[in-house]
Structure formats: C-alpha cells, structure tokens
Amino acid sequence: MEFLLYLAMIPALGITAQWIAWRTRLPGILLLLVFGMALGHFIEPDHFLQDLTGGNDLAGPRLLFPLVSLSVAVIMLEGGLSLNLKELRESGRSAFRLCTVGALISCIGATIAAHYILDFGWRLSALLGAILVVTGPTVIGPLLRQVRPSKRVGTTLKWEGIVIDPIGAVLAVLVFDQLMMHSNQPSLGSATFMLFETAMVGTGLGIGGGLLLVFAFRHYLIPDHLQGVASLAIGLLIFAISDHIASESGLISVTVLGLWLSNSTSLNVESIIEFKENLRTLLIGCLFIALGSRVNIEEVIALGLPGLIFLAVLILLVRPVSVYLSLIGTSLHLREKAFIAGMAPRGIVAAAVSSVFALEMESLPANLAIEGANHLDTVTFLVIFGTVATYGLAASPLAKFLGLSQDRNDGILIAGADAWTRDFAQEFKKLGLPVLLVDTNYNKVAKARIAGLDAVCANILNEHVREDLELNGIGKLMALTQNDEVNSLAVRECQTLFGSANLYQLTFRKQNRHSQRGLTRNLMGRELFEPELTFSKMEDFHEVGATFKTTTLSKNYTYHDFIEHYRNGAKLLCVIDEFKKLSVNTVEHQLQPTEGQTIIALVSSTVIPNRHEAKNSDPTPLV
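Caption draft 1: Molecular detail of the environment of Leu572. Position of Leu572 relative to the elements: it lies in strand S8 (residues 570-576). Look at Leu572 and you get buried, because its relative accessible area is 5%. Setting aside chain neighbours within four positions, we find Leu572 in contact with Phe529, Tyr559, Asn585, Leu591, Pro593, Ile599, Ile600 and Ala601.

Caption draft 2: The nonpolar core, seen in detail. Val72, Leu127, Leu128, Phe310, Phe339 and Phe357 are the most contacted members of the largest nonpolar core, which totals 118 residues. Counting residues per element, this core draws most heavily on helix H8 (residues 151-181), at 11 residues. Core analysis: the second largest hydrophobic core is formed by 33 residues, Phe428, Leu480, Phe529 and Leu602 among them.

Caption draft 3: Region of the structure containing the sheet that holds strand S2 (residues 435-439). Strand order in the open sheet formed by 6 strands is S3-S2-S1-S4-S5-S6, with parallel pairing between adjacent strands. Each edge of the open sheet carries a strand with a single partner, namely strand S3 (454-457) and strand S6 (526-527). Two elements, S2 and S3, share 4 bridges in a ladder whose sense is parallel. Counterpart to Leu437 in the pairing with S3 is Ala455. Relative to the sheet, helix H18 (residues 419-430) contacts strand S1 (411-415), S2 and strand S4 (474-479), its axis offset from that of S2 by approximately 160°.

Caption draft 4: Structural detail: the pattern of salt bridges. On inspection of all chains with the given rule, the structure shows 8 salt bridges. A salt bridge links Glu336 to Arg152, with the nearest nitrogen and oxygen atoms 2.7 Å apart. Of this pair, Glu336 sits in helix H15 (residues 334-341) while Arg152 is found in helix H8, placing the two residues 184 residues apart along the sequence. Like Arg152, Glu336 is buried. The shortest N-O distance in the salt bridge between Arg492 and Glu493 comes to 3.2 Å.

Caption draft 5: Here's a closer look at the packing of helix H2 (residues 28-42) against helix H12 (residues 270-292). The N-to-C vectors of H2 and H12 enclose an angle of 45°; their axes lie 7 Å apart at closest approach. Compared by their axis directions, H2 and H12 come out oblique. For the pair H2 and H12, the sense of crossing is right-handed. Contacts between H2 and H12 involve Ile29, Leu32, Leu33, Phe35, Gly36, Met37 and Leu39 on the former and, on the latter, Ile284, Gly285, Phe288, Ile289 and Gly292. The class makeup of the residues in the contact of H2 with H12 is 9 nonpolar, 3 polar and no charged.

What counts, and where the lines are drawn
- Residues numbered from 1 in each chain as written.
- Predicted model: local features only at pLDDT ≥ 70, side-chain atom pairs only at ≥ 80, totals over all residues.
- Heavy atoms only, no water.
- Helix = DSSP H or I, 4+ residues; strand = E, 2+ residues; numbered from the N terminus.
- Buried < 20%, exposed > 50% of the residue type's maximum accessible area, 1.4 Å probe, protein only.
- Contact = heavy atoms within 4.5 Å.
- Core = buried A, V, L, I, M, F, W, Y, C linked by side-chain atoms within 4.5 Å.
- Pairing = 2+ DSSP bridges.
- Axes fitted to C-alpha atoms, helices over the stretch in contact; angles between N-to-C directions.
- Salt bridge = Lys/Arg side-chain N within 4 Å of Asp/Glu carboxyl O.
- Parallel < 35°, antiparallel > 145°, perpendicular 65-115°, else oblique.
- Left-handed = near helix turned anticlockwise from the far one by under 90°.
- Nonpolar A, V, L, I, M, F, W, Y, C, P; charged D, E, K, R; others polar.

Keep in mind these values describe shape, not function.
Rendered as structure tokens:
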C-alpha cells in the first residue's frame, strides 16, 4: 500500500468511527481503538515506516511519537480553554483533592495491583501506576455530554480529567528518572528539585505565552482570521520549548496557556475554541487509530486472566477507594461520590506516555534493562479499552440509577416567557418533559413561576447565564421571543450545547423574510410549525381564544378525525411517541402523527374567519 493512501485512511477511519459512535451512542474512543486494532491487523505502522526508511527498527516510533506529542499538546490546549475559574467556587475543593490525594492513592493502588497480579517488578509496577493515574478529557468530555449529570458532578469530573493529565505525566517522568535511570541511587532531593523545575517551567512558559497572546489580541496586532492559528502555533512552540527544558512540562504549559486565555477578561476566545474543537476531533480520531494499530492483539489476549483481574481491581477497588478517601469532608453527597467513583476512563495521554516510555526502555543498555518492559504499553491499552468500554456503557445507567441524570434528553429550553409561551410550556410539563423558560422580563418570569413552571430571569445570549443554567434532561432549544434577531442569536449561541438538529425558532416575520432588514436564512435554526406561524400570529391566535391541547391518537380517533373535529382550526406543533420521544413540527419536515402517538396542537374553540386580523395581519416589526 502506498504511504499516501495509508495517511489518508487514518483520518477517514477516525471520522467514520466517531460518526458510528454518534449514531449508536457508543463510546467513540472504544470504536476508534477497535478500528485501529483492525487496521493494525493488516498494516502495522512501525513496519510500514521501517520499510520506508530502509529497515531502521526504531524509525517508526521515532517519527510517530513526536507527532503524537504535538497532537496531545493541541488536545490539552483545547482542554485548558474549556476551564472556567468560576466553576472552582462549587467544585474546586473536590477537583483539587481528586488530583492530589486521589492521584496518590490511585498510583499506590495500581502499583500494588500490577506487582501482585501481573507479576511485574516493583519499578515497572510503579511506572505503570503513575501512568494510569490520568483519566483524560478525550474520554470524559464526550461521556459527560452524553450523560449530562448534575452540574457540580460534571464540573468536578471535567476539572479532574484535564488537570490530572499533566500531573500523571510528570509523576511518570519522576518515577522513570528515579527508579529506572537512577535505580541504584534514588534521591528525594533530586526528585523534589525535578518536580519543582517541571512545575515552574511549565507554569511560567504557559503564563508567558498567555500574556503574549492576550496583549496581541487586545491591541489588535493579530487579525481575527489568524487568532486561532496564532494561538495554536504559540501553544505548540511553548510545548516544545518547555519539554526541551524539563521533560513532560509541556503538558503543563499548554494547559496553563488555555486556562489563561479562557479566563482573561474582555477577551473573546470563541473563534479560537471553535477552531481547536474541530482540530481536536480530527486529532483524537487519528491518534487512537494510529496508536491502536500498533497494539498486538495476540499480546493483549496473552495477558489472559491476570490482565482481566488487574482491570477489575482498578475499576472496582482502586478508583472507588481513591475517590471516597480523597473526598472525605467535601460538600459532595454520597450519590455524587458514587458516580465519580464510577467514572475514570483512560485516554490518549495514558496511551501516548506509555508508548514513549516503552520505547525508552527498549533503548536502555543491557545493564539497565527491565524485565517485562515490553508489556507496558500492552497493559495500558488493555486498561484504556476496558475502562472506556466499562465506564462508557455504564455511565448513563449509573447516573440515572443515582438520580443524577434524566432518562432522556427530550426536555426543552424555551427562550421567551410570554402568555402563549407559558401555556405552551405547560403542555410539556403535563407530559412529564423537563422545560425551562428564560426571559429578561421579570414580570413574565414571575407569572411563569406562579404557574408552576421553572423559569429564570436572565439573558439567553449571556455566556455566563448559559453556563449556570441547570440543563439536566434538556436537549432542545425553542427560541420563541418576539424578536427575530434575538431568536437567531440564541440559536447560534446554543449550538454547542444542543447541536444544530435540536435548535428551533419561530419563522421570520414577513417584513424580515425577504428584505435586507432581516437576517440571512443560514443564521436561523429549524423553522417551527408552519411558514405563517410567526410570533405575532401565535400571539393573536392565543388572544382570541385559541388554546393548546394535548391529545393521544388511537384507532378510533385518528389525526384526520382530530383535524375534522376542529374544522381545520388546529395547528400541529409537536408529537410524542409511545417511548416519550419528542418530535417538533417544522416547516421543512411536517410531521404525520399516527395511532398511539400524542400530539400537542394549537386549537380554536371557534373557527377564526379568514378576514380576522389573527389570520391576515402581520403587525409592523419592532424597530
């Protein structure tokens, strides 16, 4: 196979695996590893690169791992950009203890388990224990988006997943240096100095890069279209310089850089985050495919029962013990601790670090050679595969069992709290669907609360408001304000929360639809209901007596019967099937309700004449 074709296959397989994961709701990393190992069964990258470089055994790893390291740097930079210091007020103590006390307990537990179960020597066991401290945002992030646990639990796990990666990598470097390279004369003073140097170099360069970029952005020295690329270039350069000065300090530097940028006041990093998110998705796919293809399936199977027991001990004993002991005295209650104890999948950092150290140990002279070193990356990949499969499949049922997540994400976030909107929301509440109203008008919000609805007086366009909303069980946005521009902006700002398929807004007023006064169509969400049902029309129908009605269809009372009953005075809005899955009627996709489904419709007690204002007028838009 040509090298060009091989390079093209890796991202194609990566995106395919992630697409299948999205469709099937399976853990994406799990499918990426499966695809990677399947590719490695036919094409082993090390052998491929060895042939291309004239038979050099180390050519493959020497070429591959620097690229892996830079890719991991990009992923960690994006992770740092997602950290908000305000979240620490609620989750800071818990995350800190998980990343310190919890990490130490995990390292000790994994070390003991590796020694007695896998029959590794103490030095190799300690190195493996240090590597397996990490969890990783590449796995935690997608699982949290899928499960959507309570906010406090989600932010705690997010901070742990991002912060513990550089901690675990640095810990692994310390263990490798002291127990592998200086096994005869390990020195506590040397280890302490190395730890201090790594932390200072990584933190200092990260802050320095952040100050440089913030200064350049605030003084408009870098144009908008170059900001994403500039932050990427600076991040990679800082990572390489930091790693050159102090091994593995680069992960600290890029994490600090991202954290500094995301928490700088009066600095818009949305374009940078969007650029990094797309790049991260591509890199995660490529990395797991490439590294997974290096795994020898026969060697993984050869670990046999001891390997499975080691994996079980990590999941059922080491993680719960580390979580419960480290979180003693925190504000988290028992159910929240139980969920955190059931979430510790390993990700790309563990894979990359173990592969690098395995290569380093293969290069050691005979007098420093370590028995079983060739199994280091094999065991690590077994743990990655096993933890991703276990936690990925168990996370949602566990969160629901513990009462930290809704069974489904069919709830609705509604922008607007006008009279007809409140009555509409009541129908969702009657059906047991979570619904939350957001409006800047306190009187409207107060009326919604009096009516028993969950409502927040805030601006949906405010980033901090969106971050503070309790969206457990909510998976759709309906923008129902009287302002077309606000609706479109709400759709745009909530895209990362719900995805474009779950963003709906009222159709534009006639004056805005075909003129330069309105927004272009590509800025809109999915148009709700029918082409003529603007905010003004909905309000007019409601004011002249139209009501929202929820009806379950049957063989004896079909949708046709329902329409005939109201003499064509009914407007279909939503359909809920037998499994309580909500479908919204849109202009582009008109629903056809069937027997057994429940519909929500706007109906008139009396037929509104065609000449009535509610049918014929479309008031002048607000200026």
